[in-house]
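These are the residues of each chain, in order.
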Amino acid sequence: MSQLSQRPEKPVVGVSMPHESAVQHVTGSALYTDDLVHRTKDVLHAYPVQVMKAHGRISRLDTGPALAVPGVVRVLTGADVPGVNDAGMKHDEPLFPDTVMFYGHAVAWVLGETLEAARLGAAAVEVDLDEQPSLIALRDAIAAGSFHGARPVMLTGDVDAGFADSAHVFSGEFHFSDQEHFYLETHAALALVDESGQLFVQSSTQHPSETQEIVAHVLGLHSHEVTVQCLRMGGGFGGKEMQPHGFAAVAALGARLTGRPVRVRLNRTQDLTMSGKRHGFHAQWRIGFDAEGRIQALDATLTADGGWSLDLSEPVVARALCHIDNTYWIPNARVAGRIARTNKVSNTAFRGFGGPQGMLVIEDIMGRCAPLLGLDPMELRERNFYRPGQGQTTPYGQVVTHPERISTVWQQVCADGHVADRRREIAAFNAAHPNTKRGLAVTGIKFGISFNLTAFNQGGALVLVYKDGSVLINHGGTEMGQGLHTKMLQVAATTLGIPLHKVRLAPTRTDKVPNTSATAASAGADLNGAAVKNACEQIRERLLQVAGGRLGANASDVRIVEGVARALGSDDELAWDDLVRTAYLQRVQLSAAGFYRTEGLHWDAKAFQGSPFKYFSYGAAAAEVEVDGFTGAYRVRRVDIVHDVGDSLSPMIDIGQVEGGFVQGAGWLTLEDLRWDTGDGPGRGRLLTQAASTYKLPSFSEMPQEFHVRLLENATEEGAVYGSKAVGEPPLMLAFSLREALRQAAAAFGPAGVSVELASPATPEAVYWAIEASRRAVPSPPSPNGHAGDGCATEAGTPTGTAALSGA
């Protein structure tokens, strides 16, 4: 086992403990970015001047009326920018645009003594617009050929030969929705300038280093003149990876020009209408199976709705292509990706970062094609799993490590959830209840961990040990509620061999750890944990030399366990605090900068080949639903999950992440239905679902009545910090099981062997129309090639039919 993976005696990692800020969260004492306003003197408030048209060039911008409003101090426009008037890394997102690109685009910002004064000032600004045609719907953008950014193509094998060898070929299309992050804390920033002209920006950002970079180039400064701190976030989910930079730049520009602190904080409607979402996708596909139901070829085109600018759309599409295989070996594939340019907010990162979209395409294909192949959906999925010892690689050429875990988690969830018995009970229930049906589905996941861009796979840390033995750690990751700081505390305590209460963690700041990557791609614990461990190891090695001198032993024979240094074979000991004081008196350095870079990665973006991921995370979920045939309303009766997090750094945190990820995925797939005005009236391009009253989020009523989560045991990940695996993004895709269970329940209202098309999100309305289609369906002739089974055993059943599948 590698030094990075090996755990010492009595580690603090692996111990279940609550979130490090749990008490502050539940008591209301935890501070967030906007809370700091009340601790800052003479703050000005910024308010956006939004133009409520989808597209048009600004012909006149008159800020004079705003300056006449009492309490208005200044109006910020493009003319005030001393550096680069752009808030994006692609230089396609002007901070103060001269062309409105989406409904609600901010073209100026008003600074006021109070928020109300700023609001009234923003309302007084006069903007004339030469309106231009707009593209709102993704399908319209595709039809118009409106695309931007890279158009990658992933190729493996011989696709034409694969289809020629296929006994069954199906084709179709699939359009599925975007998703709003709906973090509890909206975008916020607070900027101030000190006596030397140094800018200090408090920002609710997942990427402080990039916020620093954008602020610097907008203001024409060097990065060392800007410090960005993220105390904590009230949720991020990817929505605060790129989008906070512009809001921080507005605050910083205002502070620079007025000499006073400036606060930017969006209200909920502004946040919903001005910030990007998860990318909605359109997929056109063709797939071939052999006579046994094994995939022979796949040809697909995935089109993402990028919105008005590129943001992170290119890597999102790349990750979607890299995950379209999910847990299935596809020997011959051609998958193309492209980004549609629409007049909507610029879509951005969201938990899973394109992976969920790619995986949803293949899971939808499997769910639709299984009845036509005469196979139970679970059986079809199992037949196509990656297998150990077969030399199978992904369509982009990476070897799948630990493929046996795909089957392991699948079999464990089937056993834990008593799936075979419950499927028989469901069949009996459905036969006795003509107007209510139940469905149970099992799906698996394989999710690659690392940033697709290799350079981002690095982390840094700064660890300080004080003379009294207390320890302060700084690292480059940000805390958005996911428990990263908790894990970092456990890693530091474990590496130093001291109790957890000895360690404190400082807020994330760019002047402590520079050039950090975003806390994203589920890599926060991997990168920062390894960097913290590296820094702590440097200090520990120095202290072992000191302890060896005091104990009369070689440093290699000294162990520090639970805050006490002991030499092997000796009863002598030295307490941690005494050891640290001795080291100080001997002038031994008690601080260290740690660093980590993920090894073994390589990626050719043009050829779309390589090994972009350090490892894969696996999981499986079984979901059971009950559906009302009159309304399409449903309830989730039970969910069982087995998920692979390696050797967990903090089991309670990880189980919470699995539960939360599943529920957020369920929201995307079954509830959250973003609607835009696509008419030709004055509201064209307007987001219609602007609040929780119109945009339905998962709540207690949507939670499973029974919810069982288990972490895979004996799953050490070699080459990762203390043998752990990432947990942030992968569990979201476990919710595929819920959507497939709804498909099964809808199919139960019709004859056997019918392929059910189900919209995404599968709202009660969508489920109702799927039920109606099932009731009207004509069963297909039986297939001689397939058999039905319970998906968890080898027992054969009755043929269920095959037929051609047309476009959706």
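See the structure shown above.
No experiment lies behind these values; they were computed from the predicted model shown. (Residues numbered from 1 in each chain as written. Predicted model: local features only at pLDDT ≥ 70, side-chain atom pairs only at ≥ 80, totals over all residues. Heavy atoms only, no water.)

> Report on helix 14 (residues 484–496), specifying residues and quantitative values.
Taking 1.5 Å per residue as the helical rise, helix 14 with its 13 residues ought to reach 18 Å, and the 18 Å between its terminal C-alpha atoms agrees with that figure. For helix 14, the buried fraction is high: 13 of the 13 residues fall into the buried class. Remark: Gly 497 follows helix 14 within two positions and exhibits a positive phi of approximately 80 degrees. (Helix = DSSP H or I, 4+ residues; strand = E, 2+ residues; numbered from the N terminus. Expected span 1.5 Å × (residues − 1). Buried < 20%, exposed > 50% of the residue type's maximum accessible area, 1.4 Å probe, protein only.)

> Could you give me a rundown of the pairing of strand 18 (residues 471–475), with the residues and numbers involved?
With respect to burial, strand 18 is a largely interior element, 5 of its 5 residues being buried. Both faces of strand 18 are covered, namely the face carrying Val 471, Ile 473 and His 475 and the face carrying Leu 472 and Asn 474. Pairing of strand 17 (residues 458–465) with strand 18, which is carried by 5 bridges, proceeds in the antiparallel orientation. Bridging from a neighbouring strand, Ala 461 pairs with His 475 of strand 18. In this structure, the hairpin formed by strand 17 and strand 18 is closed by a connection of 5 residues, where Gly 469 is found at a positive phi of approximately 95 degrees. Looking at chain direction, strand 18 and strand 19 (residues 503–505) are connected through 3 bridges and run parallel. Looking at strand 19, one finds that Val 471 is bridged to Val 503. (Pairing = 2+ DSSP bridges.)

> Quick one: what's the story with the packing of aromatic side chains, residue by residue and with numbers?
The final tally for this structure, using the stated rule, is 16 aromatic pairs. A centroid spacing of 6.2 Å and a plane angle of 15 degrees characterise the contact between Tyr 328 and Phe 385, whose relative ring orientation is stacked. Taken together, the positions of Tyr 328 in the loop between helix 9 (313–322) and strand 15 (333–341) and Phe 385 in the loop between helix 11 (377–383) and helix 12 (404–416) put the pair 57 residues apart, joining distant regions of the chain. For the residue pair Tyr 328 and Phe 385, the accessibility class agrees, reading buried in each case. Ring geometry for Phe 385 versus Trp 410: centroids 5.1 Å apart, planes at 80 degrees, classification edge-to-face. Taken together, the positions of Phe 385 in the loop between helix 11 and helix 12 and Trp 410 in helix 12 put the pair 25 residues apart, joining distant regions of the chain. Comparing Phe 385 with Trp 410 shows no difference in burial state: the two are buried. Here a set of aromatic residues connected by ring pairs shows up, and it is made of Tyr 396, Trp 603, Phe 608, Phe 613 and Phe 616. Lys 437 extends its terminal NZ or CZ atom over the ring of Phe 749, reaching a point 5.9 Å from the ring centre. The cationic tip of Lys 467 hangs over the ring face of Tyr 584; the distance from NZ or CZ to the ring centre is 4.7 Å. (Phe/Tyr/Trp six-rings, centres within 6.5 Å; stacked < 30°, edge-to-face > 60°. Lys NZ or Arg CZ within 6 Å of the ring centre and 35° of its normal.)

> A description of the pattern of salt bridges should follow, citing residues and the corresponding values.
Here the structure, examined in full by the defined rule, presents 54 salt bridges. Between Lys 512 and Asp 511 there is a salt bridge whose closest N-O contact spans 3.6 Å. A salt bridge links Glu 626 to Arg 635; its shortest N-O distance comes to 3.3 Å. The buried category is assigned to Glu 626, whose relative accessible area is 13%. According to the relative accessible area criterion, Arg 635 is partly exposed, its value standing at 34%. Residues joined by salt bridges that share partners form a network here, namely Glu 363, Asp 364, Arg 368, Arg 381, Arg 739, Glu 740, Arg 743 and Glu 757. (Salt bridge = Lys/Arg side-chain N within 4 Å of Asp/Glu carboxyl O.)

> Tell me about the nonpolar core, and please be specific about residues and values.
Judged by nonpolar contacts, the single largest core of 112 residues is most densely connected at Ile 287, Phe 289, Leu 302, Val 442, Val 627, Ile 641 and Phe 662. Among the elements that make up this core, the one with the highest residue count is strand 27 (residues 615–628) (9 residues). The residues contacting Ile 641, other than those within four sequence positions of it, are Val 413, Ala 620, Ala 621, Val 658, Phe 662, Phe 707, His 708, Val 709, Arg 710 and Leu 734. Membership of the second largest hydrophobic core comes to 52 residues, among which are Ala 461, Leu 505, Trp 576 and Val 721. (Core = buried A, V, L, I, M, F, W, Y, C linked by side-chain atoms within 4.5 Å. Contact = heavy atoms within 4.5 Å.)

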